[in-house]
Amino acid sequence: MRHTAGLRNVDLTNTPASSLRFLAISGSLRATSSNSAVLEAARRIGAPELDVEIYHGLDTLPHFNPDLDLDTPPPVIGALRARIGAADGLIISSPEYAHGIPGSLKNALDWLVASVEFPGKPVALISTSPSSAHVVAQLAEVHTTMSARLVADACITVPVRGRGGDPESLVSDPGIAAPLRRALEALAAAR
Ligand SMILES: Cc1cc2nc3c(=O)[nH]c(=O)nc-3n(C[C@H](O)[C@H](O)[C@H](O)COP(=O)(O)O)c2cc1C
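A look at the overall build of the protein chain
- Along its length, the protein chain carries six helices and six strands.
- Counting from the amino terminus, helix and strand elements in the protein chain follow one another as β-α-β-α-β-α-β-α-β-β-α-α.
- For the protein chain, the C-alpha radius of gyration of 16 Å lies close to 16 Å, the compact-globule estimate for 191 residues.
- Along the longest, intermediate and shortest principal axes, the C-alpha atoms of the protein chain span 50 × 40 × 30 Å.
- Out of the 191 residues belonging to the protein chain, those deemed buried represent 50%.

Shown next, in the form of structure tokens:
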């Protein structure tokens, strides 16, 4: 299921080995998170012609404070911005908490508001639940406000909520793997 309307696709099989690098951020810190599992499945599907790197530092970021957002920000923030700058695109998969964006993910996004790395970056928004429309809409609004480039065909819902956090079962399910691969292709086409 696609959230919004579209861009052309690129066949990843014609892309040179590891020529693209996407950074994936899960909005869930749970060990058996379905959102993290989807991103790990995308990482496995994307290789070898596409590197999907998973960002694991969401729970290490300080609370956003403009007073700390100086020319030299906290090292973990500088590292996050550098990884975003080096990425050809971002993949965000997030649960909905109380009809909104989980605080840890919103905190990371707040740190990126003033960054030079974020504007113009192609972004795929993934949801693991069709009933979590609020968080999708809010993430779209926040990313648009932050001048990221939402890639319509890469913004999808893969209904895996309640299936546990096993990425391999997602990779081996064509009903999940195929739309995920198409989303990666759309993100690749938008770089
Ligand atoms: C504190 C809390 C609030 C939640 N609020 C909502 C909500 O407003 N809407 C919704 O669809 N799901 C809500 N959920 C359910 C989660 O979005 C759902 O369990 C999701 O799959 C968790 O993602 P994860 O497996 O990646 O951790 C909430 C869960 C928690 C723990």
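The discussion continues.
Details of the pattern of salt bridges
- For the coordinates displayed, the defined rule picks out nine salt bridges.
- For the salt bridge of E40 with R43, the shortest nitrogen-to-oxygen distance reads 2.8 Å. Here E40 and its partner R43 are both found in helix α1 (residues 34-46), three residues apart, which amounts to about one turn of the helix.
- Relative accessible area serves as the criterion here: at 16%, E40 is assigned to the buried category.
- A relative accessible area of 36% means that R43 is categorised as partly exposed.

Topic: the site of the ligand
- Surveying the vicinity of the ligand reveals 13 residues, the closest of which are S28, R30, S33, N35 and H99.
- A distance of 3.2 Å separates an oxygen atom of the ligand from a polar atom in the side chain of R161.
- Among the residues making up the shell around the ligand, the classes are represented as three nonpolar, seven polar and three charged.

Comments concerning the environment of R163
- With respect to the helices and strands, the residue R163 is situated in the loop between β6 (156-157) and α5 (167-171).
- Each C-alpha atom, one on R163 and one on S34, is 7.3 Å from the other, the two residues being 129 residues apart in sequence.
- Among residues more than four places away in sequence, those in contact with R163 are S169, L170, D173 and I176.
- Looking at R163, its side chain comes within polar contact range of the side chain of D173, at 2.8 Å.

Quick look at unusual backbone geometry
- Even without a glycine there, the phi angle at A98 is positive, about 50°.
- Among the secondary structure elements, A98 is positioned in the loop between β3 (89-93) and α3 (103-112).
- Residue A98 is classed as exposed on the basis of its relative accessible area, which comes to 83%.
- Positive phi, normally seen in glycine, also occurs at S147, with a value near 65°.

A word on the nonpolar core
- Residues F22, I91, L180 and L184 are the most contacted members of the largest nonpolar core, which totals 30 residues.
- Among the secondary structure elements, those contributing two or more residues to this core are β1 (20-26), α1, β2 (50-55), β4 (122-127) and α6 (174-189).
- If one sorts the elements of this core by residue count, α6 sits on top with eight residues.
- Once residues within four sequence positions are removed from consideration, F22 is found in contact with L50, D51, V52, E53, D88, G89, I91, L184, L187 and A188.

Definitions and cut-offs
- Along each chain, numbering runs from 1 in the same order as the chain's sequence is written.
- Only residues with pLDDT of at least 70 are given local features in this predicted model, and only at 80 or more are side-chain atom pairs given and counted; all residues enter the totals for whole chains, interfaces and linings.
- Calculation of side-chain values draws on the structure's entire complement of heavy atoms; hydrogens and water are dropped beforehand.
- Each helix is a run of DSSP H or I of at least 4 residues and each strand a run of E of at least 2, with the numbering of both proceeding from the N terminus.
- Between the two quantities, the radius of gyration covers C-alpha atoms and the globule rule is 2.2 Å times the number of residues to the power 0.38.
- Each residue is placed in one exposure class: buried if its accessible area under a 1.4 Å probe, protein chains only, is under 20% of its type's maximum, exposed if it is over 50%, and partly exposed if it falls in between.
- Whenever a carboxyl oxygen of Asp or Glu lies within 4 Å of a side-chain nitrogen of Lys or Arg, that contact is scored as a salt bridge.
- For each residue, the test is whether any non-hydrogen atom lies within 4 Å of the molecule or strand; if one does, the residue is near.
- Residues adjacent in sequence count toward polar contacts only when both atoms are side-chain atoms; beyond that, a polar contact is any pair of N or O atoms within 3.5 Å, and within protein one must be able to donate a hydrogen and the other to accept it.
- Only Asp, Glu, Lys and Arg are considered charged in this grouping, and only Ala, Val, Leu, Ile, Met, Phe, Trp, Tyr, Cys and Pro are considered nonpolar; every other residue, Gly among them, is considered polar.
- We call two residues contacting when some pair of their heavy atoms lies within 4.5 Å.
- Take the buried Ala, Val, Leu, Ile, Met, Phe, Trp, Tyr and Cys residues and link them wherever side-chain atoms come within 4.5 Å; each set so joined is a nonpolar core.

Everything listed is a geometric property; what it means functionally is a separate question.
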